[in-house]
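Topology and contacts: notes
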Amino acid sequence: MEPTTKTETLDIEGMTCASCAAFVEKSLTRTPGVQRAVVNFATEKATIDYVPTQASPTSLKEAVVNAGYGVIERVPDTSAAERNAEIDRQKALAYLKLKQRFWVAAGLALLIMPLSMLMLWPALMQQVNMQWLNYSLLLLTLPVLFYSGREFYSSAWNGFKHRAANMDTLIAVGTGAAFLYSLAATIVPGFFMRRGIMPEVYYDTTATIIALILLGKVLELRAKTQTSAAIRALIGLQAKTACVVRPGGQEVDVPIEQVQLGDLIVVRPGEKVATDGLVTEGHSAVDEAMLTGESLPVDKKPGDAVFGATLNKTGSFRFQVTKVGADTMLAQIVKLVEDAQGSRAPIQRLADKVSAIFVPTVVVIAILTFVVWFDLAPVEARLPLALVNFVAVLIIACPCALGLATPTAIMVATGKGAEHGVLIRNAEALEKAHQVNTVLLDKTGTITRGEPAVTDFVPAAGQDATALLELVAAVERQSEHPLAEAVVRYAETQQVAALPATAFRAVEGKGAVATISGQAVLVGNLRLLNEAGVRLTPALEQQAQQLLAQAKTVLYVATEGQAAGLIGVADTVRESSAAAIQRLQAMGIEVVMMTGDNPQTAAQVAGQVGIKRYFAEVLPQDKASKVKELQAEGRTVAMVGDGINDAPALAQADIGLAMGAGTDVAMEAAGITLMRSDLSGVVTAIELSRQTIRTIKQNLFFAFIYNTLGIPVAAGLLYPFFGILLSPMLAAGAMALSSVSVLTNSLRLRSFSHR
Amino acid sequence: MDAPEIIVTLAGLALAAFVVWYFFFSTRQVVSAVSSSGGVQEVAINVKGGYTPDVIEVECGKPVQLHFYRDEENSCSEEVLFPDFSVRRELPAFKTTLVELLPEKVGTYAFTCGMGMLRGSLVVK
């Protein structure tokens, strides 16, 4: 299929007004071979349709340059890949630096802790000069503060300047206060002693908190990189090179970025398909699991579409490139997943509201804690107690877990969905899918294959089935009718011999006639046979009625002027449909079918797959109103469809699921796209959604409960009743664990597998 | 109440009041986007502990290009999110990252860091 025209998009630079755009447009339109050129001034892009034999991308660029403007060379793939590589490099470096800072803090904290505990042994303390010990601890703490913890202070300060407060603010204020108090107690102990206060130091608190928070960050960073592992794996699937067939027939390996539309590419066994295209010659089986989740390889023959990043298994074939770069299926999947990861789930609204006011509120609570302890505690201990509780409140309240709860789960789930061939458009769609209690299936193309297939082959009495099928197939091979294709496919599965046909003639609206091995063979409807004067035997007549009663289309066969058999053709139910519907029903979801067919056919199909409720004779324009009807019953409806005429219904439903083989319009209207034409994707999508929402709820519960219980305990609320105070170091340990546990919980979604 | 208690109480309350005012009620700088020759509205945003500027006014219906320059390595600011536009971008440190949007409805749209702590808003007029 050689395209007559090609489309090229150029990024134009230097246009300053709308007339510049008109000028560039004119220059392009006048270029030989250009059929249409549109220049968009706002987006600075030119879209040109041209005849490839008369014009080329180079001549188009020349036309723009000759008009006095420039063309920005687009290398979207390399720049995207480079950007990702740069981000990965920076992340690896940041992780390394963070680990170094952690080890320094941990090593010094391990020295500082035992030294600080000397005071627990009075006998030992008498032999040590308190002043010298404090100065030694100060010296050991300085690197922890200025090397390991530096980022907390600079970040808190930068945030403060922006009137923004983040988790670093809490850590910086907490550890900073403990350090400054200790510094004062070290340098001017007399000031404290004159007021009856022991000049205690909290260097161990400062160093240990920083070490523990850094430990939490190290674990967090490690886990966070895993949340986007699926999308990185998808990007990594892209082939690096392609074997292009040059006009002279020479095969050359070129980098994927140099592949252009219309190029002919060779794919050998075991190789990745470089980009999207149409097979021109050869046969093979291609593993498309990475795009569709379908584990069985798909047969490819001339005319079939192949997609970049899929894996060629057995044969070798050539294909013509129809899409490159950002237009390929893989790039679109990556973009869709990235977009979904950038969206916010409605469930996060509360967490968002809390996050925005959280840190300043905690700072106020910490200040009030300090004041209350200072005012109510015994005079000799009021300053240390106020300080310790002030620090504990700041450290325990870190909102890290809250901020990570939803996005990490969404990241993992959307990536996981893509792995299973379930593309989730946004977090809202993912969230809505778990509430679904009714699934409305459009029959054709979802439950059924959407294409006719032979269901019954009935030879007349005395006819040899194989011989008859050979004759029928020979006629139908010549025909282009969809029913004829179904017969040919059936004959291929029966592996009958291919006979040559002569004198083929298609009879419009009735069937086809040909001569095979000297016999005149008729295949068509009853009118074709009647007009040829062929009468059905009573047995065939009866069998035909039976097939018609089952809502099947009947093809009649006659040889040598005698009725020879019948063929029943119908849109068949996919093998997986019944099991998937049963699974949905087991999940407590009612499955409803809708179809344009008559009630008889509808009942037949519904019965076959175990559906109890169905709408028959639904006109395409009424599909959306059927969704509304179900919604009016108070149901949360998921609509599954594949065609353009399903788009309004997909959009009307609480959640629309478009089947992959469907149209772009359907995909546009749907919240979820199933890459595989198989209802099991619906089960996967709903199960994934349910599991994700469960994970998010657990995360939010842990994050909220941790802060709502942690802050009052840290503030000393239990002290008057039970004498319990929370050590700031324990608070730091708990805080580090909280975000790590939320992340680990989200990462559990990675083990999601469709049963 | 002795003198230190009175001093600590008054200082504490004043500090708490300052925190509330400073983070929640103080006025913020608003910057309008500049339209380029191509009709694209462009804004350069510095990322360092927050977004400068953090309130950006743009016109409805015209493409917007936001150039985020991340002037730090702190992990808090490594991502920027525009949830209403389904945009999540990683911001490499000391590099400019371009975020392109097409605001089609009048309103105020928040943009935040990955965890929602650093905040800014896009005011579409």
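Whatever comes next refers back to the structure up there.
Source: prediction; values computed, not measured. (Residues numbered from 1 in each chain as written. Chains lettered and ligands numbered in written order. Predicted model: local features only at pLDDT ≥ 70, side-chain atom pairs only at ≥ 80, totals over all residues. Heavy atoms only, no water.)

**Overview of the overall build of chain A**
Check the secondary structure of chain A and you find 29 helices and 26 strands. Against the 2.2 N^0.38 benchmark of 27 Å for 755 residues, chain A shows a C-alpha radius of gyration of 36 Å, more extended than a compact globule. Projected onto the principal axes, the alpha-carbon positions of chain A cover approximately 125 × 70 × 50 Å. A burial count over chain A gives 51% of its 755 residues as buried. Of all intrachain contacts in chain A linking residues separated by at least 6 positions in sequence, the fraction that spans at least 24 positions is 68%. Approximately 33500 Å² of chain A is accessible, and the part contributed by carbon and sulfur atoms is 58%. Here chain A contributes 63 positive and 67 negative side-chain charges, whose respective centroids are spaced 8 Å apart. (Helix = DSSP H or I, 4+ residues; strand = E, 2+ residues; numbered from the N terminus. Rg over C-alpha atoms; globule rule 2.2 N^0.38 Å. Buried < 20%, exposed > 50% of the residue type's maximum accessible area, 1.4 Å probe, protein only. Contact = heavy atoms within 4.5 Å. Areas by Shrake-Rupley, 256 points an atom, 1.4 Å probe, with all protein chains shown as cover. Lys, Arg positive; Asp, Glu negative; His and termini not counted. Charge placed at Lys NZ, Arg CZ, Asp CG, Glu CD.)

**Considering the interface of chain A and chain B**
The interface is formed by 55 residues belonging to chain A together with 56 residues belonging to chain B. Across the chain A to chain B interface the summed buried area is about 4600 Å²; carbon plus sulfur atoms make up 57%. Contact with chain B buries area across many residues of chain A, yet His162, Arg163 and Arg344 of chain A alone supply 16% of it, more than any other trio. In this structure, the connection of chain A to chain B is made through four salt bridges. Among the ionic pairs, Arg382 of chain A bridges to Asp2 of chain B, the shortest N-O distance being 3.1 Å. Joining chain A to chain B, the criterion identifies 13 residue pairs in polar contact (both at pLDDT 80 or more). Mapped onto the side of chain A that touches chain B, the elements with two or more residues apiece are helix H3 (76-116), helix H6 (150-161), helix H7 (167-187), helix H9 (203-227), helix H12 (329-342), helix H13 (349-376) and helix H15 (400-419) of chain A. With 15 residues, the top contributor of residues to the side of chain A that touches chain B is H13 of chain A. Taken together, the residues of the side of chain A that touches chain B break down into 24 nonpolar, 14 polar and 17 charged. (Buried area = accessible area lost by both parts, 1.4 Å probe. Salt bridge = Lys/Arg side-chain N within 4 Å of Asp/Glu carboxyl O. Polar contact = N/O pair within 3.5 Å; in protein donor to acceptor, adjacent residues only side chain to side chain. Nonpolar A, V, L, I, M, F, W, Y, C, P; charged D, E, K, R; others polar.)

**Observations concerning unusual backbone geometry**
With the exception of glycine, the majority of residues adopt a negative phi angle, and the majority of peptide bonds are in the trans configuration. Residue Thr52 of chain B is joined to Pro53 of chain B through a cis peptide bond whose omega torsion reads -5°. Relative to the elements of secondary structure, Pro53 of chain B occurs in the loop between strand S4 (51-52) and strand S5 (55-58). Residues other than glycine seldom take positive phi values, yet Ala503 of chain A does so here, at roughly 50°. Residue class for Ala503 of chain A comes out exposed when judged on its relative accessible area of 59%. A positive phi angle, near 55°, is found at Ser86 of chain B, a position not held by glycine.

**Re the pattern of salt bridges**
Scanning all chains against the criterion turns up 28 salt bridges over all chains. Of the charged contacts in the structure, one is a salt bridge between Glu73 of chain B and Lys97 of chain A, with a shortest N-O distance of 3.1 Å. On the criterion of chain membership, the pair formed by Glu73 of chain B in the loop between strand S6 (64-70) and strand S7 (79-82) and Lys97 of chain A in helix H3 is interchain, its members lying in two chains. Owing to a relative accessible area of 35%, Lys97 of chain A belongs among the partly exposed residues under this scheme. As a salt-bridge pair, Glu271 of chain A and Arg268 of chain A come within 2.9 Å of each other at their nearest N and O atoms.

**Concerning the packing of H13 of chain A against helix H1 (residues 3-25) of chain B**
Running from N to C, H13 of chain A and H1 of chain B cross one another at 175°; their axes reach a closest spacing of 9 Å. Relative to H1 of chain B, H13 of chain A is oriented roughly antiparallel. Two secondary-structure elements touch here, H13 of chain A through Ala356, Ile357, Pro360, Thr361, Val363, Val364, Ile367, Leu368, Phe370, Val371, Phe374 and Asp375 of chain A and H1 of chain B through Pro4, Glu5, Val8, Thr9, Gly12, Leu13, Leu15, Ala16, Val19, Val20, Phe23 and Phe24 of chain B. Looking at the contact of H13 of chain A with H1 of chain B residue by residue, the class counts come to 19 nonpolar, three polar and two charged. (Axes fitted to C-alpha atoms, helices over the stretch in contact; angles between N-to-C directions. Parallel < 35°, antiparallel > 145°, perpendicular 65-115°, else oblique.)

**Topic: the pairing of strand S25 (residues 655-659) of chain A**
When a strand is regular, its side chains alternate between the sheet's two faces. Residues and elements named next belong to chain A. In terms of burial, S25 is largely enclosed, as five of its five residues are buried. When strand S24 (residues 637-641) meets S25, the two strands line up parallel, connected through four bridges. Among the inter-strand pairings, Ala638 is bridged to a residue of S25, identified as Ile655. Remark: the S24/helix H25 (residues 647-652)/S25 crossover connection has right-handed handedness. Here three bridges tie S25 to strand S26 (residues 672-674), and the two strands are oriented parallel to one another. Directly across from Met659, in S26, lies its bridge partner Leu674. (Pairing = 2+ DSSP bridges. Right-handed = clockwise from strand over helix to strand, strands pointing away.)

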